[in-house]
Amino acid sequence: MTAPSRLVPVVFRAPVCAAAVVGVVIDCVYGSVPVVLSYFTIWTNILVAVVLGVSATRAWRRRAPCARATPPCGRPTP
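Residues numbered from 1 in each chain as written. Predicted model: local features only at pLDDT ≥ 70, side-chain atom pairs only at ≥ 80, totals over all residues. Heavy atoms only, no water.

**Re the overall build of the protein**
Within the protein, the secondary structure is distributed over 3 helices and 0 strands. Helices and strands appear in the protein in the N-to-C order α-α-α. Sorting the 78 residues of the protein into buried and exposed places 15% on the buried side. Long-range contacts, defined as pairs at least 24 residues apart, comprise 64% of the intrachain contacts of the protein with a sequence gap of at least 6. When the accessible area of the protein is evaluated, it comes to approximately 6100 Å², of which 70% is carbon and sulfur surface. (Helix = DSSP H or I, 4+ residues; strand = E, 2+ residues; numbered from the N terminus. Buried < 20%, exposed > 50% of the residue type's maximum accessible area, 1.4 Å probe, protein only. Contact = heavy atoms within 4.5 Å. Areas by Shrake-Rupley, 256 points an atom, 1.4 Å probe, with all protein chains shown as cover.)

As structure tokens, this is what we get:
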């Protein structure tokens, strides 16, 4: 992959991650934290923020994805 095409996932994932974090923070500021954290949508926003944050960081650093669907050719499977 070339350098500009690596930037595209970062440009998409970083703002989505930031929006998820800001949404959780706003809900926690305006509501009771234990009540806010009892909602499923808040937990999914936290999960989205973590996954897309890690994914954007790995794309920015040009690292491979965490898991592969199939092993690379030529290597025996464990």
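**Describing helix α3 (residues 40-60)**
The end-to-end C-alpha separation of α3 is 30 Å, in line with the 30 Å expected for 21 residues at 1.5 Å each. Those residues of α3 not exposed but buried are I42, A49, L52, G53, A56, R58 and A59. Trailing α3 by a residue or two, R62 shows a phi angle of about 60°, which is positive. (Expected span 1.5 Å × (residues − 1).)

**A look at the environment of V48**
When you line up the elements, V48 lands in helix α3. The exposure class of V48 is partly exposed, given its relative accessible area of 34%. Among all residues touching V48, those that are not within four sequence positions of it are V16, A20 and G53.

**Regarding the environment of V22**
Tracing the backbone shows V22 in helix α1 (residues 3-30). Spatially, the C-alpha atoms of V22 and A49 are 9.7 Å apart, while their sequence positions differ by 27 residues.

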